[in-house]
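# Commentary on secondary and tertiary structure
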Amino acid sequence: MKVAVIGAGLSGLGCAKILQQAGLEITVFEKSRGLGGRMSTRRTESWQCDHGAQYFTARSAQFRDEVDSWIRAGAAAEWQATIISIGERPADLPDARKSETRRFVGTPGMSAPARFMAQGLNIKSQCRVQTLQRRGGGWLLGYQSANGATETAQFDWVVCAMPAPQSSELLSSSAPDVSAAIQRFGMQPCWAVMLACDNPLEASFDAAFVNEGALSWIARDTSKPSRKGAECWLLHASEQWSLDNLELTAEQATTNLLAEFARLTGIELNAFNVTQTSAHRWRYARNGDAPDAPVSRLESGLKLGICGDWLNGGRVEGAWQSGRHLAQSILNCATCHHPNPDR
Ligand SMILES: Cc1cc2nc3c(=O)[nH]c(=O)nc-3n(C[C@H](O)[C@H](O)[C@H](O)COP(=O)(O)OP(=O)(O)OC[C@H]3O[C@@H](n4cnc5c(N)ncnc54)[C@H](O)[C@@H]3O)c2cc1C
């Protein structure tokens, strides 16, 4: 059975790995050059910074085992950070300072676990899937390859492992009912600003949950294990601010969020201590709760699977679980393994 997995984030890679181990022929398509999706690190010659997922927790025994294997391979480590809360904490949020939560990060950057998981998989990076058509009982994929050419390939099964709006759009003509059903999972944006400093900033904390104003999270990225280069700080804007300011330019977002950082921390920022800045707008960063959703979605009649963090809590662990859950559902499905009659 030939399966195309679209998306090399944790859900897609988790799914691909299990299916390949079970003997299926897997090809992973990824539009970006790097792997890991929203677990990503921006790198320059003089600094690096995680600008998507900041850390991950491992609540289930299965994911703890997986994280242990990453740690043994040098692809992850525990981040023992001093984390504070700024502003009045909503009642349902635990106090970060008292939390016993163990937090992990990829090493030397957030995408390292994805690269580790991708070993042995056939990955077509810089290949954006543009069309999906039902053809011959299976699927014809149209994609733009790394050299810009438009190509097609035939598969028995397709797994969509992307944020809900992107999966919904790709399926809109070939599986309109599924596309409409997943459209209800909206995802919120997040502006991220990175600042590299030649001189370490005077802060008594490594990271902060921010409960007021434009920011929601601040972290000294260089306090994470195995980071290289100049001291770097990461600012995440709040969901509301990001929504309200979605169409700002990167420069405008940077100016606003640096001013907010300075106001909140009392740290004066100037050309002396901040040498470079960079901004990234995550259009589909996180989703709200979807309590009634299945962990992954199997459309056996269509030979289509859908997974992603947005079906399972909106976090790294949930993404990994969703991919594995889908793979298991495909393997357990009695009717899924017949070859297409008309191929
Ligand atoms: C700002 C931010 C902060 C976060 N903080 C945390 C945190 O602290 N802790 C935590 O646990 N989680 C956090 N998350 C969430 C976490 O990053 C995600 O839950 C997880 O990485 C999602 O994995 P995924 O595989 O479901 O999707 P993704 O990682 O989004 O992977 C989808 C992949 O599909 C690719 N793709 C999309 N369209 C196409 C196409 N047409 N063709 C080919 N490829 C395509 C994308 O390039 C991407 O690589 C954060 C996310 C963001 C954005």
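Residues numbered from 1 in each chain as written. Predicted model: local features only at pLDDT ≥ 70, side-chain atom pairs only at ≥ 80, totals over all residues. Heavy atoms only, no water.

Moving on, we get to the overall build of the protein. Each helix and strand counted, the protein has eight helices and 19 strands in total. Relative to the compact-globule value of 20 Å for 343 residues, the protein shows a C-alpha radius of gyration of 21 Å, a close match. Expressed as lengths along the three principal axes of its C-alpha atoms, the size of the protein is roughly 70 × 40 × 40 Å. In the protein, which comprises 343 residues, the proportion classed as buried is 52%. Counting only contacts in the protein whose residues sit at least 6 apart along the sequence, the fraction spanning at least 24 positions is 69%. Positive and negative side-chain charges of the protein, numbering 34 and 34 respectively, have mean locations separated by a distance of 6 Å. (Helix = DSSP H or I, 4+ residues; strand = E, 2+ residues; numbered from the N terminus. Rg over C-alpha atoms; globule rule 2.2 N^0.38 Å. Buried < 20%, exposed > 50% of the residue type's maximum accessible area, 1.4 Å probe, protein only. Contact = heavy atoms within 4.5 Å. Lys, Arg positive; Asp, Glu negative; His and termini not counted. Charge placed at Lys NZ, Arg CZ, Asp CG, Glu CD.)

The ligand sits among 36 residues. The nearest are Ser11, Glu30, Arg38, Tyr55 and Asp309. In this structure, arginine 315 approaches the ligand through a main-chain N or O atom, which is 3.2 Å from an oxygen atom. Separating an oxygen atom of the ligand from a backbone N or O atom of valine 316 is a distance of 2.9 Å. Protein contacts shield 94% of the accessible area of the ligand, which totals 1,000 Å² for the unbound molecule. Those elements that place two or more of their residues in the shell around the ligand are helix H1 (10-21), strand S2 (25-30), strand S9 (128-135), strand S17 (276-287) and helix H8 (316-332). If one sorts the elements of the shell around the ligand by residue count, S17 sits on top with three residues. Along the lines of polarity and charge, the residues of the shell around the ligand split into 17 nonpolar, 12 polar and seven charged. (Near = heavy atom within 4 Å. Polar contact = N/O pair within 3.5 Å; in protein donor to acceptor, adjacent residues only side chain to side chain. Areas by Shrake-Rupley, 256 points an atom, 1.4 Å probe, with all protein chains shown as cover. Nonpolar A, V, L, I, M, F, W, Y, C, P; charged D, E, K, R; others polar.)

If you look at soluble globular proteins, the nonpolar side chains tend to sit buried side by side. Leu10, Phe56 and Trp70 are the most contacted members of the largest nonpolar core, which totals 55 residues. Of the domains in this structure, domain 1 (1-35 + 118-185 + 289-343) and domain 2 (49-106 + 187-287) are the two that each give at least three residues to this core. Each residue touching tryptophan 70, except ones within four places of it in the same chain, is listed here: Leu10, Phe56, Phe63, Ala75, Ala76, Pro113, Phe116 and Met117. Judged by nonpolar contacts, the second largest core, of 27 residues, contains Leu141, Met162, Ala164 and Ile182. (Core = buried A, V, L, I, M, F, W, Y, C linked by side-chain atoms within 4.5 Å. Domains from an automatic or database assignment.)

This brings us to unusual backbone geometry. Here the residue pair threonine 107 and proline 108 is connected by a cis peptide bond, since its omega of 5° sits within 30 degrees of zero. Along the polypeptide, proline 108 turns up in the loop between strand S7 (104-106) and helix H3 (112-117). Positive phi, normally seen in glycine, also occurs at serine 226, with a value near 65°. Within the secondary structure layout, serine 226 lies in the loop between strand S15 (215-220) and strand S16 (231-237). Accessibility expressed as a relative area gives 46% for serine 226, which makes it partly exposed. Here the phi dihedral of lysine 303 falls at roughly 55°; this positive angle occurs in a residue that is not glycine. Within the secondary structure layout, lysine 303 lies in the loop between strand S18 (297-299) and strand S19 (304-306). Since its relative accessible area comes to 10%, lysine 303 is described here as buried.

Looking at the element boundaries, tryptophan 233 is found in strand S16. Assessed through its relative accessible area of 0%, tryptophan 233 is described here as buried. Sequence separation of tryptophan 233 and glutamine 48 is 185 residues, and the distance between their C-alpha atoms is 9.7 Å. Engagement of the side chain of tryptophan 233 in a polar contact is seen with the side chain of glutamate 231, the distance being 2.8 Å.

Attention shifts here to the domain arrangement of the protein. Per the domain assignment, the segments making up the protein are domain 1 (1-35 + 118-185 + 289-343) and domain 2 (49-106 + 187-287). For domain 1 and domain 2, the distance between their C-alpha centroids amounts to 30 Å. Opposite the 16 residues of domain 1 that make contact, domain 2 presents 14 residues. Of the roughly 1,300 Å² buried between domain 1 and domain 2, counting both surfaces, carbon and sulfur atoms make up 58%. The three residues of domain 1 that bury the most area against domain 2 are Val316, Glu317 and Trp320, which together make up 42% of that side's buried surface. In this structure, the connection of domain 1 to domain 2 is made through zero salt bridges. Summed over the shared surface of domain 1 and domain 2, the result is five residue pairs in polar contact (both at pLDDT 80 or more). (Buried area = accessible area lost by both parts, 1.4 Å probe. Salt bridge = Lys/Arg side-chain N within 4 Å of Asp/Glu carboxyl O.)

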